[in-house]
Every structure is written in C-alpha cells, then in structure tokens.
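# Chains, contacts and geometry: an overview
Chain by chain, the residues run as shown.
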Amino acid sequence: MSHSTDSRPFFLDCDTGIDDALALVYLLGAGTNLVGIGSVSGNTSAAQGASNTQALLALAGRTDIPVAVGGHDPLEGSYHGGTTHVHGHNGIGDVQLPEITGTPEAMSAAELLVTMARKYPGELRVIAIGPLTNIAAALRLEPNLPALIAELTIMGGAAIAPGNITAVAEANIHGDPLAAAEVFAANWEIVLVPLDVTMHHVLEEDDRLRLLASEHPALSAVGDMLGYYFDFYIGVFGRPCSAMHDPLAAAIAIGRVEALSAPYARVIVDATDGPGRGQTICDMRGLYKGYPKPAGATCRVVLIAQECAMDEIMHSTLALATNISA
Ligand code: RIB
Ligand code: CA
C-alpha cells in the first residue's frame, strides 16, 4: 500500500485504454487517495474498461478501490466501438491480464460519483480522462453536484491546437459531445488539459523499457501495453513514443505538475452534427492582453505544463514498485 500525506479524495473516470492505465498506476504510485473509479466507453467499452481497471488494481493489490461501470452509449446515439488501431481490441494493447475475481459495483459510475461527492461534500476532486458521459449523467442525477466537487480536471479538447479525431475535435470530447456540452455549461471549477499541452509531453522508449523491466506486475504490464500505443505514435511523431495525455492530466490534478500557463477562458462544445462536432470552442481572445479572467469563467485551459512532467510521472509510477509513495 502506498503511503502519502495527501489525503484529499479523488474520483477517476476513465476509458482504460493504455494511457489511462499508465495514469492509474501513476496515481497509485503517487499515493493518491482514490475513493472510486468509473469506466466509460471510449478507447474500449465501459464494461471492458472496467475489467481492465479491475485487473490492474488487482495486480497493484488495490482491489479495495470500488470500480463502477458507466455509460456504454453516449447521451445520444450509439457507442462507436473503440479505437482498436490505437489501444488494441481489448483497450490495453491486447495484453492479457490475469482474470479478475472481483465484480464491479452494482451501481453505475454516475451513481458512484454522486455517492462519493455526497460522502466528501466540497472536497471530492474528479479526474476525467475519457468521454464525459458519466460526468454529465451524474450532473443530471444530482444537479447540485458542482457544489459538492472541489475541482474537475478533464483531459480533453483542443484550444488552439488541432484535434486528433477530426481537424477540430479531440477523442474524449468527440466521444460524447452532448455530455461535454452539459459538463462545460455547469458552474464548477474545471481544469481542462487539452491536446495543446498533452502532445508536448511524450514518453520515450527508454522509459517504456524501464516499466517493462519492472519487477512489479502492474508496471511491466503497462510497459507491455505501451508498445502497442508506441506503434501508433510512430505515425504521429516518426519514432516509437507516445503523448502522455491522461498521466499528464492526473499529475496536474493532484498538484505534482504545475500548469505554467492556464488562463481562464469560456469554453463551449459544438454538439451539432456539422463539421465542428466535438470541438471545444475556447475563447482565447485574451491572448493579446495577458488573458484577463472573463467574468463568470470557471474553466482554466492548460497551455503549458512544467517540463519535468515526464520525470514526475515516471518517478511516481516506479515508486509503486518500491511500495512507497513518491
Ligand atoms: O485524445 C486523447 C484521449 O483519448 C486520452 O484520454 C486517450 O486515452 C483517449 O481516451
Ligand atoms: Ca482516456
């Protein structure tokens, strides 16, 4: 069990996926007080993502953390079926993890999120690293949710950078634009960690090999999964590596990596069926006057994060193997 001085309660909502898997073992290595995990369809189905998450938790000796299965389909329409060319058929690079013995919670991910928000009113922090279906469903379930949540960190979107699903849409937002539109329209403190910053924090092959060589089964499994992810990113960066979307969002959420530029901006999501579907329309017109905080804006858009982010992610992730928090 990792020991950490940070007792703040965190809820993780994920579509475990390969970078989600690294974000999870990073949070465990950092000794984060994870009080619940929800799965959502994105990289793989919500059911498969929950199974992947539970299998990793079992390898890390953390089956004490409740996992609930979330929305299979987006708020409107049907699940697109996953991104097998990026995350494999099972969501984790087709790596086979030991069969899980435990079952997910009977309640849904949205219900688990609301339950934990009511248990830790005003304290719970949420890290959302998949489509926002469960977050929106929780809002519909408990309209007072924003008052119960201290901060919502979202990996998703693109402010000035191009998208990765379409020219303007990033995968998590594109996975459920209506849910994202409802989440960004609610009145809570959001930290958006978009492609503008995550594409500049890359895990290299030598770091992947350090994970692969780890004695800890969860770390070596993630190192194996990353091999699949690296193959995809050869087409993006021209070398075996991968952007650390979800781990970077997690590191910023727990305060281990500082956002050096994170101006407040109004963000709306295009949920129409036009060419802009899934776009996070971030009003960055403050660029030319030092980004003054727009009246009523509650979303900070992270544009620059500390260069040392990857060192922190590796350091805390590897700390899982020494069973102490970093
Ligand atoms: O666009 C990157 C995001 O989409 C990451 O969360 C990745 O896991 C996928 O879900
Ligand atoms: Ca993800």
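Now for a quick tour of the structure. The structure presented is a predicted model; accordingly, all values stated were derived computationally and were not measured.

Regarding its fold elements, the protein presents 13 helices and 13 strands. Over its C-alpha trace the protein gives a radius of gyration of 18 Å, about what one expects of a compact globule, namely 20 Å for 326 residues. In terms of principal-axis extent, the alpha carbons of the protein reach across some 50 × 45 × 40 Å. Split into buried and exposed, the 326 residues of the protein put 58% on the buried side. Long-range contacts, defined as pairs at least 24 residues apart, comprise 81% of the intrachain contacts of the protein with a sequence gap of at least 6. Roughly 12,600 Å² of accessible area belongs to the protein as shown, and the carbon and sulfur atoms make up 53% of that amount. Once the 16 positive and 35 negative side-chain charges of the protein are each reduced to a mean point, those two points are 9 Å apart.

On to helix H1 (residues 18-29), then. If you check H1, its first and last C-alpha atoms are 17 Å apart, about what 12 residues at 1.5 Å a residue would give, namely 16 Å. Of all the 12 residues making up H1, 12 are buried; the element is thus mostly covered by neighbouring parts of the structure. Buried within H1 we find Ile18, Asp19, Asp20, Ala21, Leu22, Ala23, Leu24, Val25, Tyr26, Leu27, Leu28 and Gly29. Positive phi shows up at Gly31, right after H1, with a value of about 75°.

To continue, consider the coordination of the calcium ion (ligand 2). Coordination of the calcium ion (ligand 2) by the protein comes from Asp15 (OD), Asp20 (OD), Asp20 (OD), Ile129 (O) and Asp246 (OD), over a distance range of 2.2 to 2.6 Å. Mapped onto the polypeptide sequence, the residues donating to the calcium ion (ligand 2) form the spacing pattern D-x4-D-x108-I-x116-D. Taken together, the residues Ile129 in the loop between strand E4 (124-128) and helix H5 (133-141) and Asp246 in helix H12 (residues 245-253) connect sequence positions 117 residues apart. Neither Ile129 nor Asp246 differs from the other in exposure class; each is buried.

Taking burial as the measure, the seven residues of strand E2 (residues 33-39) include six buried ones, the bulk of the element. Here strand E1 (residues 9-14) runs beside E2; their pairing, made up of six bridges, is parallel. Considered in E2, the bridge of Phe10 is made with Leu34. Regarding the hand of the β-α-β motif, the stretch spanning E1, H1 and E2 is right-handed. Relative to strand E3 (residues 67-69), E2 runs parallel, the two sharing three bridges. Considered in E3, the bridge of Ser39 is made with Val69. In this fold, the crossover linking E2 to E3 by way of helix H2 (residues 46-59) has right-handed handedness.

A few words now on the sheet that holds strand E5 (residues 149-155). Reading across from one edge, E3-E2-E1-E4-E5-E6-E12 is the order of the seven strands in this open sheet, with parallel pairing throughout. The two strands at the open ends of the sheet, each matched to only one other strand, are E3 and strand E12 (299-301). Taken over all neighbouring pairs, the strand axes of this sheet differ in orientation by 20° on average, direction set aside. Two strands pair when backbone bridges link them, and E1 and E4 are joined in this way by four bridges, in the parallel orientation. Paired with Asp13 across the strands is Ala128, a residue of E4. Along the sheet, H1 makes contact with E1, E2 and E4, crossing E2 at roughly 165°. Along the sheet face, H12 touches E1, E4, E5 and strand E6 (190-193) and points at about 155° away from the line of E5.

The backbone of Asp94 sits at a positive phi, close to 60°, despite the residue not being glycine. Here Asp94 lies in the loop between helix H3 (84-87) and helix H4 (109-119). Accessibility expressed as a relative area gives 32% for Asp94, which makes it partly exposed.

How each quantity is defined
Just so you know, the residues in each chain are numbered from 1, in the order the chain's sequence is written. Both sets of labels track the order of writing: A upward for chains, 1 upward for ligands. Only residues with pLDDT of at least 70 get local features here, since the model is predicted, and only at 80 or more are side-chain atom pairs given and counted; chain-wide, interface and lining totals rely on the full set of residues. Heavy atoms from the whole structure form the basis of all side-chain values; hydrogens and water molecules are not counted. Put simply, DSSP marks the helices as runs of H or I at least four residues long and the strands as runs of E at least two long, and each gets a number from the N terminus on. Computation of the radius of gyration draws on C-alpha atoms, with the globule rule given as 2.2 Å multiplied by the number of residues to the power 0.38. Burial status follows relative accessibility: with a 1.4 Å probe on protein chains alone, a residue under 20% of its type maximum counts as buried, one over 50% as exposed, and anything between as partly exposed. Any two residues whose heavy atoms approach within 4.5 Å at even a single point are treated as in contact. Shrake-Rupley sampling with a 1.4 Å probe provides the accessible areas, and residues are treated as covered by the protein chains on show and by no other component. We treat Lys and Arg as the positive residues and Asp and Glu as the negative residues; His and chain ends play no part in the count. Charge positions come from single atoms, namely NZ of Lys, CZ of Arg, CG of Asp or CD of Glu. Expected span of a helix: the number of residues minus one, times 1.5 Å. Shown as donors are all N, O and S atoms within 2.8 Å of a metal ion, widened to 3.2 Å for Na, K and Ca; because water is not in the atom set, sites may appear incomplete. Here the rule is simple: two strands pair whenever DSSP picks up at least two bridges between them. By convention a crossover is right-handed if, when the strands point away from the viewer, the path from the first strand over the helix to the second runs clockwise. Lines fitted to the C-alpha atoms define the axes, with helices restricted to the stretch that makes contact. Angles between their N-to-C directions range from 0 to 180 degrees.

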